[in-house]
Amino acid sequence: MSNETLTITDNRTGQKYELPITDNTIRANDLRQIKVADDDFGLMTYDPSFMSTAACRSAITFIDGDRGILRYRGYPIEQLAEKSSFLEVAYLLNKGELPNQEQLDQWADVIKYHTYVHTNITKFLEGFRYDAHPMGMMLGAVSALSTFYPDAKNIQDPENRYLQRVRLLAKAPTIAAFSFRHSRGLPFVFPDNDLDYVGNFVNMTFSIGGQHKPNKVLQRALEVLLILHADHEQNCSTSAVRGVGSSRVDMYSAVSAGIAALYGPLHGGANEAVIKMLDEIGTLKNIPDFIKDVKDGKKRLMGFGHRVYKSYDPRAKLIKKVAYEVFDQTGLNPKLEIALELERIALEEDYFISRKLYPNVDFYSGLIYQAMGFPTDYFTVLFALGRMPGWLAQWEEMVLDESQKISRPRQIYTGHEERPYVPIENRKATVTA
Ligand code: CMC
């Protein structure tokens, strides 16, 4: 064996084991040979929240959290955000390479072909309460698509998988815009295939009586935000897509699990939570009390901190620049002053420095979305729209990965040993709901 190994001595038995190290990783399954007795299950690793467990091999997105690096298929996020369109990035993530002009045109055409949703989807969306959260609507509508495309169950067929991915990428802006219109009590505006992907989404969202005349700077800013959100390797929602998809369910059901995960305030819901937090703080003079509460563990500074980035989030840097471009057009968002002051204090305070807490992608994105005219409860839908190509690429990679089986973590059982059943008349009321 080469010296790329790990030698373990089990002090319970004195036995030594040599495990191979590949890619700086040992196989958790190799630990199973470490036993005290023959009928022992073998050693496991305990890693709640997957703090240091790699669950797959992936060639899609590279992150170096210590150095603040994010690349899609090897391309730095800064260059993609500056030069690419969202559809180009979606192509890159899903096909592995940037398209040439002809490939990009074909890709845009095939997506346009699928932008309409079945009329029954519009009825389905109309059935939601007037105040339904648009993310809940998006979640419901995407999972409902699995009933409209039962052929999506045929996940062994590469052409079929491609068709379904194109369908969802094409329909996501339509569903997102319809959710927005429903919450505003506005009639749905159908896709206009003379417009490009982002332009079409903006038109379906904001148009009142005729084609919407977009502000080109704001539209490009929205496109950059979508690019910045397009993938982020094995985050909570992507892991949900992969985990649910590993049961070989259709892609729409798997992606709806990702949307559900993204809905949460610690993940995609953080941009909404940032705005609520800024509203709650209200004025600059309340910031010191708020920071005190955070340091006392009573509150969290939303939009700060990240599981992976420990020096800075490169997306946050880019987003701050976009924020100024947007505010140049719309006028300053009054909450920006509070956000900037919070950031200034947090970057100087030991509590945040020692825990390596820096602004993440969501600290400024909510302010930008608000300046663009999107309501707070819609921000996470915009995140979902951006993340869609990433979920689809990760799902495809998972299906093609022969080393993947159904996702099934182990547990350390902490409950009772076997005990005899107690008839109901003999039970004491020991458990409160
Ligand atoms: N405000 C105050 N303290 C924090 C924060 C925060 N935002 N984030 C982490 N901490 C503290 C935490 O209390 C803990 O302190 P201690 O060691 O004294 O117990 C320490 O920092 C480590 O935190 P953690 O919760 O163990 O870190 P994690 O890697 O599990 O959590 C996180 C990552 C993003 C969930 C967390 O930082 C957080 O809740 N941030 C606010 C929500 C947010 O902005 N989420 C968006 C993430 S970026 C978008 C995305 O990719 O989804």
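Reading guide: rules and limits
Along each chain, numbering runs from 1 in the same order as the chain's sequence is written. Owing to the predicted nature of the model, reporting of local features is limited to residues with pLDDT of at least 70; listing and counting of side-chain atom pairs is limited to 80 or more, with chain, interface and lining totals taken over all residues. Hydrogens and waters are ignored; side-chain quantities use all the structure's heavy atoms. Only runs of H or I of at least four residues qualify as helices and only runs of E of at least two qualify as strands under DSSP, and these elements are numbered from the N terminus. The atom set for the radius of gyration is the C-alpha atoms, and the globule formula is 2.2 Å times the number of residues raised to the power 0.38. We call two residues in contact when some of their heavy atoms are within 4.5 Å. Throughout, the Shrake-Rupley method with a 1.4 Å probe supplies accessible areas, and for residues the shown protein chains are the sole cover considered. Positive charges come from Lys and Arg alone, negative charges from Asp and Glu alone, with His and the N- and C-terminal ends not counted. Here the site of a charge means atom NZ of a Lys, CZ of an Arg, CG of an Asp or CD of a Glu. Accessibility here uses a 1.4 Å probe with only protein chains present; expressed as a share of the type maximum, an area under 20% marks a residue as buried, one over 50% as exposed, and anything in between as partly exposed. Side-chain atoms alone can form a polar contact between residues adjacent in sequence; in general such a contact is a pair of N or O atoms within 3.5 Å, and within protein one must be able to donate a hydrogen while the other accepts it. A fitted line through C-alpha atoms represents every axis, and for helices the fit uses only the stretch in contact; the resulting angles, taken between N-to-C directions, go from 0 to 180 degrees. Roughly parallel means an angle under 35 degrees; roughly antiparallel, over 145; roughly perpendicular, 65 to 115; everything else is oblique. Left-handed is the label given to a crossing in which the near helix is rotated counterclockwise from the far helix by less than a right angle, and right-handed is the label when the rotation is clockwise. In this classification, the charged set is Asp, Glu, Lys and Arg, the nonpolar set is Ala, Val, Leu, Ile, Met, Phe, Trp, Tyr, Cys and Pro, and all remaining amino acids, among them Gly, are polar. Proximity criterion: a residue is near a molecule or strand once any of its heavy atoms comes within 4 Å of it. For the domain bounds, the source is a domain assignment made automatically or taken from a database. For any pair of parts, buried area is found by adding up, for both, the accessible area (1.4 Å probe) each one loses once the two are put together. Each reported salt bridge corresponds to a side-chain nitrogen of Lys or Arg within 4 Å of a carboxyl oxygen of Asp or Glu. Note on pairing: DSSP must find at least two bridges between two strands before they are called paired.

Caption draft 1: Spatial organisation of the overall build of the protein. Along the backbone of the protein there are 17 helices and five strands. Compactness check: the protein gives a C-alpha radius of gyration of 24 Å against a globular reference of 22 Å for 433 residues, within 12% of the reference. The principal-axis extents of the C-alpha atoms in the protein amount to approximately 75 × 65 × 60 Å. Sequence separation of 24 or more characterises 69% of the internal contacts of the protein that already satisfy a separation of 6 or more. Within the structure as shown, the protein displays about 22700 Å² of accessible surface, and the carbon and sulfur contribution to it stands at 52%. In the protein, 50 positive and 54 negative side-chain charges are present, and the distance between their average locations comes to 3 Å.

Caption draft 2: A look at helix α16 (residues 361-371). When you tally the buried positions in α16, you get nine out of 11 residues, the bulk of the element. Looking at α16, one finds that the buried residues are Val361, Asp362, Phe363, Tyr364, Ser365, Gly366, Leu367, Ile368 and Tyr369. Those residues of α16 hidden inside the fold are in contact with α8 (216-228), α11 (270-281), α13 (314-330), α14 (335-348) and α17 (379-400). Backbone nitrogen of Asp362 and a side-chain oxygen of the N-cap are separated by 2.9 Å at the start of α16; the cap is Asn360.

Caption draft 3: Quick look at the packing of α8 against α13. Two numbers describe how α8 lies on α13: the axes approach to 10 Å, and their chain directions differ by 165°. Relative to α13, α8 is oriented roughly antiparallel. Handedness of the α8/α13 crossing: left-handed. Taken together, the residues of α13 that come into contact with α8 (itself represented by Val217, Leu218, Ala221, Val224, Leu225 and Leu228) are Arg315, Leu318, Ile319, Val322, Glu325, Val326, Gln329 and Thr330. In terms of residue class, the contact of α8 with α13 is made up of 10 nonpolar, two polar and two charged.

Caption draft 4: The arrangement of the site of the ligand in detail. Not every one of the 18 residues close to the ligand is listed here, only the nearest: His267, Arg300, Leu301, Gly303 and Arg307. Between the ligand and His267 there is a distance of 2.5 Å, counted from an oxygen atom to a side-chain nitrogen or oxygen. One nitrogen or oxygen atom from the side chain of Arg307 is found 2.7 Å from an oxygen atom belonging to the ligand. Alone, the ligand offers 930 Å² of accessible surface; in the complex the protein occludes 74% of this.

Caption draft 5: Examining the side chain of Asn200 more closely. Here Asn200 shows up in helix α7 (residues 197-206). Not counting residues up to four positions away in its chain, the partners in contact with Asn200 are Thr115, Pro191, Asp192, Asn193 and Leu195.

Caption draft 6: Here's a closer look at the environment of Ser58. Along the chain, Ser58 falls in the loop between β2 (15-20) and β3 (61-64). Through-space distance from the C-alpha of Ser58 to that of Met398 is 8.6 Å; in sequence the pair is 340 residues apart. For Ser58, the residues in contact, after removing those within four places along its chain, are Gln234, Arg242, Gln394 and Glu397. At 3.4 Å, the side chain of Ser58 and the backbone nitrogen of Ile60 are in polar contact. There is a polar contact of 2.6 Å between the side chain of Ser58 and the side chain of Glu397.

Caption draft 7: Layout of the domain arrangement of the protein. Annotation of the protein at the domain level lists domain 1 (66-268 + 377-400) and domain 2 (279-372). Centre-to-centre separation of domain 1 and domain 2, based on C-alpha positions: 27 Å. Contacts between domain 1 and domain 2 engage 26 residues on the former and 23 residues on the latter. With both sides pooled, the region where domain 1 packs onto domain 2 buries about 2100 Å², and carbon together with sulfur makes up 70% of that total. Per-residue buried area on domain 1 facing domain 2 is highest for Leu218, Leu225 and Phe379; these three make up 25% of the total on that side. Remark: the boundary between domain 1 and domain 2 carries zero salt bridges. For the side of domain 1 that touches domain 2, the leading source of residues is α8, giving seven residues. Within the side of domain 1 that touches domain 2, the residues separate by chemical class into 16 nonpolar, six polar and four charged.

Caption draft 8: Structural view of the pairing of strand β1 (residues 5-10). Bridging between β1 and β2 involves six bridges; their strand directions are antiparallel. The residue of β2 that forms the bridge with Thr9 is Lys16. Connecting β1 to the antiparallel partner β2 that follows it, the hairpin turn spans four residues, and Gly14 within it adopts a positive phi of roughly 80°.

Caption draft 9: Quick peek at the sheet that holds β3. With respect to topology, three strands assemble into an open sheet ordered β3-β4-β5, the strand pairing being antiparallel. In this open sheet, the two edge strands, each paired with only one partner strand, are β3 and β5 (75-76). By the bridge criterion, four bridges tie β3 to strand β4 (residues 69-72) in an arrangement that is antiparallel. If you follow Asp64 over to β4, its bridge partner there is Ile69.

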